[in-house]
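Residue-level structure breakdown
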Amino acid sequence: MAEYESIIFEQDGPVARITLNRPDRLNSFTAAMHEELKAAIDEAYDARVIILTGAGRGFCAGQDLNDRAVTTGDHPVDLGMTVETSWNPLIRKLTSMPQPIIAQVNGVAAGAGANIALACDLVVAARSAKFIQSFSAIGLIPDSGGTWVLPRLVGHARAMGLALTGEPVSAEQAEAWGMIWKSVEDEQLDAEVDALAAKLASLPPLGLA
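A few points on the structure. A quick note: this is a predicted structure, and the numbers were derived from the prediction, not measured.

1. Observations regarding the side chain of Ser86
Mapping Ser86 onto the fold places it in helix H2 (residues 79-96). Residue Ser86 is classed as buried on the basis of its relative accessible area of 9%. Contacts of Ser86, omitting those with residues within four sequence positions, involve His34, Lys38 and Met81.

Here's what the structure looks like:
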């Protein structure tokens, strides 16, 4: 099993759990973290179910804009390069995995962090969690699959509203809109996801794939 600095990888039998582990930065991504997550997903090749969650009070706040690895030449931050080389490949990887991937959203999921969750097969969120398309305030469109998945989940009008205003969506509202599978009380989140993962792990894997 590989050693990681910005994620935690655990596998208990058929269930692999990957925890984004930069809680001081709301688990926002650096270039190094992208590489570690890709490696961890590959390491979970023999798992029947993968759980993706975040450490601390947030799920993921998207890109860490302080990461100097996104600096190129005279341009202080090249987010276009980061989207093309890191975020888009990650979303494609998540959506093409044969195993069911459960996003266990334990807190705020913002920007690309929200769209990582929505790229998973099932999303279970704590009641206190929020989903925020926080792109318009920094002059971006919802990247990391956002412009594709949002209209298909919530319809054109709501997707447009979320993209333009960046207003947060509570976990309960996300469930009511069909954006996520389920919202549960915060203290029940771990047990709910563990039970769901155990159920999926007991089902025929080819059928689920």
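2. Describing the sheet that holds strand S2 (residues 15-20)
Judged by pairing direction, the sheet is mixed, and its six strands sit side by side in the order S1-S2-S3-S5-S7-S10 without closing on themselves. Each edge of the sheet is formed by a strand with only one pairing partner; in this case those strands are strand S1 (7-12) and strand S10 (182-184). Each strand of the sheet is rotated relative to its neighbour by a mean of 20 degrees, with strand direction disregarded. Alignment of strand S5 (residues 101-105) against strand S7 (residues 122-126), held across four bridges, turns out to be parallel.

3. A look at the pairing of S2
Across the six residues that make up S2, a large majority, six, are buried. Every second residue of S2 is oriented toward a common face, with Val15, Arg17 and Thr19 on one face and Ala16, Ile18 and Leu20 on the other, all of them buried. Note: S1 against S2, six bridges, orientation antiparallel. Bridge assignment links Glu10 to a residue of S2, and that residue is Arg17. Hairpin connection between S1 and S2: a loop of two residues separates the two successive antiparallel strands, and Gly13 in this loop has a positive phi of roughly 65 degrees. By the bridge criterion, six bridges tie S2 to strand S3 (residues 49-54) in an arrangement that is parallel. Counted as the bridge partner of Ala16 is Ile50 from S3. Traced from S2 through helix H1 (residues 31-43) to S3, the parallel crossover comes out right-handed.

4. Focus: the packing of H2 against helix H3 (residues 112-119)
Packing of H2 against H3 leaves a shortest axis separation of 9 Å and a crossing angle of 20 degrees. With respect to H3, the axis of H2 lies roughly parallel. In the crossing of H2 with H3, the sense of the turn from one axis to the other is right-handed. Taken together, the residues of H3 that come into contact with H2 (itself represented by Trp87, Leu90, Ile91, Leu94 and Thr95) are Ala112, Asn115, Ile116 and Ala119. Class assignment for the residues of the contact of H2 with H3 results in seven nonpolar, two polar and no charged.

5. Here's the deal with the sheet that holds strand S9 (residues 169-170)
Taken in spatial order, the four strands make up an open sheet running S4-S6-S8-S9, and their pairing is mixed. Every interior strand has two partners, whereas the edge strands, strand S4 (58-60) and S9, have only one. Across the sheet, H3 touches S4, strand S6 (108-110) and strand S8 (130-132), and the angle it forms with S6 is around 100 degrees.

6. Notes on the nonpolar core
Ranked by internal contacts, the top residues of the largest apolar core, which has 48 residues, are Ile18, Phe29, Val105, Ile116, Phe131 and Met179. The dominant element in this core, judged by the number of residues it contributes, is H3, at six residues. For Met179, the contacting residues outside a window of four places in its chain are Leu118, Phe131, Leu150, Leu153, Val154, Leu162, Val169 and Ala174. Ile51, Ile102, Val124 and Ala197 belong to the second-largest nonpolar core, a separate cluster that totals 13 residues.

7. Brief notes about H3
Each turn of an α-helix holds 3.6 residues, which means side chains three or four residues apart point in the same direction. Most of H3 is tucked away: eight of the eight residues are buried. Within the sequence span of H3, burial applies to Ala112, Gly113, Ala114, Asn115, Ile116, Ala117, Leu118 and Ala119.

8. Examining the environment of Gly13
When you line up the elements, Gly13 lands in the loop between S1 and S2. Placed 181 residues apart in sequence, Gly13 and Asp194 show a C-alpha to C-alpha distance of 13 Å.

9. What to know about the packing of helix H4 (residues 146-154) against helix H5 (residues 156-165)
At a minimum axis separation of 7 Å, H4 and H5 run at an interaxial angle of 130 degrees. In terms of orientation, H4 and H5 fall into the oblique class. The hand of the H4/H5 crossing is right-handed. Residue-level contacts link Leu150, Pro151 and Val154 of H4 to His156, Arg158, Ala159 and Leu162 of H5.

Rules behind the numbers
- Residues numbered from 1 in each chain as written.
- Predicted model: local features only at pLDDT ≥ 70, side-chain atom pairs only at ≥ 80, totals over all residues.
- Heavy atoms only, no water.
- Helix = DSSP H or I, 4+ residues; strand = E, 2+ residues; numbered from the N terminus.
- Buried < 20%, exposed > 50% of the residue type's maximum accessible area, 1.4 Å probe, protein only.
- Contact = heavy atoms within 4.5 Å.
- Pairing = 2+ DSSP bridges.
- Axes fitted to C-alpha atoms, helices over the stretch in contact; angles between N-to-C directions.
- Right-handed = clockwise from strand over helix to strand, strands pointing away.
- Parallel < 35°, antiparallel > 145°, perpendicular 65-115°, else oblique.
- Left-handed = near helix turned anticlockwise from the far one by under 90°.
- Nonpolar A, V, L, I, M, F, W, Y, C, P; charged D, E, K, R; others polar.
- Core = buried A, V, L, I, M, F, W, Y, C linked by side-chain atoms within 4.5 Å.

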